[in-house]
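# Reading the structure
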Amino acid sequence: MGGARTQEIEVKMYSLRERRGRTYQEVSEPQDDDYLYCEKCQNFFIDSCATHGPPTFVKDSVVDKGHPNRSALTLPPGLRIRPSGIPGAGLGVWNEASRLPLGLIFGPFEGHITENEEAADSGYSWLITKGRNGYEYVDGKDKTLANWMRYVNCARHDEEQNLVAFQYHRQIFYRTCQVIRPGCELLVWYGNEYGRELGIKWKQELGGQHLMLQIIWTPD
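Residues numbered from 1 in each chain as written. Predicted model: local features only at pLDDT ≥ 70, side-chain atom pairs only at ≥ 80, totals over all residues. Heavy atoms only, no water.

### Some points on the overall build of the protein
Heads up, the rule is: Only DSSP runs of H or I reaching four residues or more are called helices, and only runs of E reaching two or more are called strands; each is numbered from the N terminus. The buried label applies to any residue whose accessible area, calculated with a 1.4 Å probe on protein chains only, is under 20% of its type's maximum; exposed applies above 50%, and partly exposed to all values in between. Contacts were defined at the residue level, with two residues in contact if any of their heavy atoms lie within 4.5 Å. Reported accessibility uses the Shrake-Rupley method at a 1.4 Å probe radius. Residues are deemed covered only where the shown protein chains occlude them.
From N to C terminus, the protein includes two helices and 13 strands. Across the 220 residues of the protein, 50% fall into the buried class. Partitioning the intrachain contacts of the protein with sequence separation of at least 6 by distance along the chain shows that 64% fall at a separation of at least 24. As displayed, the protein offers around 10,200 Å² of accessible surface, 50% of which is attributable to carbon and sulfur atoms.

As structure tokens, then:
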């Protein structure tokens with residue numbers, strides 16, 4: 001996933017990119033990851049929003065696992081992988097077609113599923129919580145197992161964020177939190193509840209130190 005991050009926070013073995021105060025705030029999500037969130041009416045729902053109906057999930061292009069360039073080939077139509085607009089970030093994902101509407105859902109993020117803590121250091125991993133104490137990683141480092149979402153970079157501040165990461169049915173998805181126009185790079189940050197779940201885990205293991213994101217952004 002994209003380029004090196006610059007901010008250091010409490011957990012010294014990780015370096016997290018600084019973000020100025022966010023104006024986009026996702027409200028507290030229910031603990032059950034069966035819920036989805038409607039960006040338009042700002043309510044949670046199961047399966048279908050009472051006002052706006054079911055969300056649209058964008059499907060990946062189908063590529064068998066094991067293909068040497070699987071991650072890039074799974075890119076949905078209208079998106080393109082090319083150098084990021086963030087200096088030093090390596091590759092990124094850009095919208096090259098029509099406007100992407102609010103509340104569109106991409107995913108799930110694919111990769112190797114493991115409980116091995118070393119996955120946190122791969123540069124391409126998300127942590128998936130299983131209840132309040134269980135967890136596993138989905139590691140997108142291996143291009144033969146991962147999908148295109150490994151190339152999406154992290155937003156440096158709220159003005160450029162257009163995707164929010166969230167957990168749903170024990171998988172990680174990205175949801176558009178603003179309309180993404182043609183020619184714009186897709187840039188993600190995590191939802192509040194996902195961050196809190198990670199914080200719970202790291203509070204338990206690191207004596208009160210909170211790490212909100214299990215990704216180290218390194219050039220591809």
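### Regarding the side chain of N162
The topology assignment puts N162 in the loop between β10 (153–154) and β11 (163–168). When neighbours within four sequence positions are excluded, N162 is seen to be in contact with R175, T176, C177, Q178, I180, E185, L186 and L187.

### Quick word on the pattern of salt bridges
Selection rule: A pair is scored as a salt bridge if a Lys or Arg side-chain nitrogen falls within 4 Å of a carboxyl oxygen belonging to Asp or Glu.
Scanning all chains against the criterion turns up six salt bridges. Residue R70 pairs with E110 through a salt bridge whose shortest N-O separation is 2.8 Å. Taken together, the residues span a long stretch of sequence, with R70 in helix α1 (residues 70–73) and E110 in the loop between β6 (105–106) and β7 (112–114) at a distance of 40 residues. Linking K130 and E115 is a salt bridge whose minimum nitrogen-to-oxygen distance equals 3.2 Å. Separated by 15 residues along the polypeptide, K130 in strand β8 (residues 125–130) and E115 in the loop between β7 and β8 bring together distant segments of the chain.

### Observations concerning the packing of aromatic side chains
Just so we agree on the cut-off: Two rings from Phe, Tyr or Trp (for Trp, the six-membered ring) form a pair when their centres sit within 6.5 Å of each other. Planes less than 30 degrees apart are called stacked, planes more than 60 degrees apart edge-to-face, and all others tilted. Cation placement over rings: the criterion is NZ of Lys or CZ of Arg within 6 Å of the ring centroid and within 35° of the ring normal.
A full pass over the atoms with the stated rule returns eight aromatic pairs. An angle of 85 degrees between the planes, with centres 5.4 Å apart, marks the rings of F106 and W148 as edge-to-face. Residue F106 is located in strand β6, and its partner W148 is located in the loop between β9 (134–139) and β10; the two are separated by 42 residues in the primary sequence. Per residue, the accessibility class of F106 equals that of W148, and both read buried. Taken together, F57, F166, Y168 and F173 form an aromatic cluster joined through their ring pairs. The ring of W94 carries R82 above its face, with NZ or CZ at 3.8 Å from the centroid. Across from the ring centre of Y124, 4.1 Å away, lies the NZ or CZ of R150, which sits over that ring.

### Overview of the pairing of strand β12 (residues 171–176)
Put simply, the test is: In short, DSSP must find at least two bridges between two strands for them to pair.
Within β12, five of the six residues are buried, which leaves the element mostly enclosed by the surrounding structure. Pairing of β6 with β12, which is carried by two bridges, proceeds in the antiparallel orientation. Pairing of I105 across the sheet is with R175, part of β12. Inspection of the sheet shows β11 paired to β12 by six bridges, in the antiparallel sense. Its bridge partner being in β12, A165 is matched across the sheet by Y174.

### Details of unusual backbone geometry
P108 follows G107 through a cis peptide bond whose omega is 10 degrees. Counting through the fold element by element, P108 comes out in the loop between β6 and β7. For Q42, which is not glycine, the phi torsion reads 55 degrees and is therefore positive. Structurally, the position occupied by Q42 is in the loop between β1 (36–38) and β2 (43–45). The exposed category is assigned to Q42, whose relative accessible area is 52%. Despite not being glycine, D47 has its phi angle at roughly 75 degrees, a positive value. Secondary-structure assignment places D47 in the loop between β2 and β3 (57–58).

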